[in-house]
Amino acid sequence: MLYVIRFVDKPDRQAVRRQHLDGHLSWLAERRRSILVAGSLREEPGADPIGACWVVEAGSRPEVEELIKSDPFWTNGLRESVEILLWSKAFPDEQTLI
């Protein structure tokens, strides 16, 4: 199953993001089989990130929740909230190229 995960970061936590960015990126790279797409979200180009969006392939919502709990950005207190949504692709047989 595919899930879309939307994170909102805590305000004024850019120092936490910078401090743990390398660890977070390494963590993401180790999970490329399940985290298919990941990236930060900004209000405009060049602005500081305010959150992130992932597309994850997982067997269940609890599996996604466990994945999130091990992310360095989560364990170090960057994230304010997370939304986990099951994604039903309109064209399920087509590969999405991003």
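Being a predicted model, the structure only gives us computed values, none of them experimental.

Scoring rules and cut-offs
- Residues numbered from 1 in each chain as written.
- Predicted model: local features only at pLDDT ≥ 70, side-chain atom pairs only at ≥ 80, totals over all residues.
- Heavy atoms only, no water.
- Helix = DSSP H or I, 4+ residues; strand = E, 2+ residues; numbered from the N terminus.
- Salt bridge = Lys/Arg side-chain N within 4 Å of Asp/Glu carboxyl O.
- Buried < 20%, exposed > 50% of the residue type's maximum accessible area, 1.4 Å probe, protein only.
- Expected span 1.5 Å × (residues − 1).
- Bend = angle between axes of the 7 residues up to and from the residue.
- Contact = heavy atoms within 4.5 Å.
- Pairing = 2+ DSSP bridges.
- Axes fitted to C-alpha atoms, helices over the stretch in contact; angles between N-to-C directions.

### With respect to the environment of Glu63
Next, step 1: Structurally, the position occupied by Glu63 is in helix 2 (residues 61–69).
Next, step 2: Distance from Glu63 to Val4, taken between C-alpha atoms, is 13 Å for residues 59 residues apart in sequence.

### Points about the pattern of salt bridges
Next, step 1: Taken as a whole and judged by the stated rule, the model has six salt bridges.
Next, step 2: Across the pair Arg17 and Asp9 runs a salt bridge, and its minimum N-O distance is 2.5 Å. In this structure, Arg17 and Asp9 share a single accessibility class: buried.
Next, step 3: Here Arg31 makes a salt bridge to Glu30, at a shortest N to O gap of 3.2 Å.
Next, step 4: Residue Glu30 is classed as exposed on the basis of its relative accessible area, which comes to 62%.

### Let's talk about helix 1 (residues 14–29)
Next, step 1: Its 16 residues place the ends of helix 1 21 Å apart at the C-alpha level, agreeing with the 22 Å of an ideal helix rising 1.5 Å per residue.
Next, step 2: For helix 1, the principal kink sits at His20 and spans about 55°.
Next, step 3: Among the residues making up helix 1, those that are buried are Gln14, Val16, Arg17, His20, His24, Trp27 and Leu28.
Next, step 4: Looking at the buried positions of helix 1, the neighbouring elements they touch are strand 1 (2–9), strand 2 (35–41), strand 3 (51–57), helix 2, helix 3 (72–75) and strand 4 (79–87).

### Structural notes on the sheet that holds strand 2
Next, step 1: Spatial strand order, 2-3-1-4: four strands in an open sheet with antiparallel pairing. Taken across any chain shown, the strands that pair with only one partner, and hence form the sheet edges, are strand 2 and strand 4. This sheet shows a mean twist of 15° between the axes of neighbouring strands, independent of strand direction.
Next, step 2: Taken together, the eight bridges between strand 1 and strand 4 define a ladder with antiparallel strand orientation. Bridged to Phe7 within strand 4 is Val82.

Read these as geometric descriptors, not functional statements.
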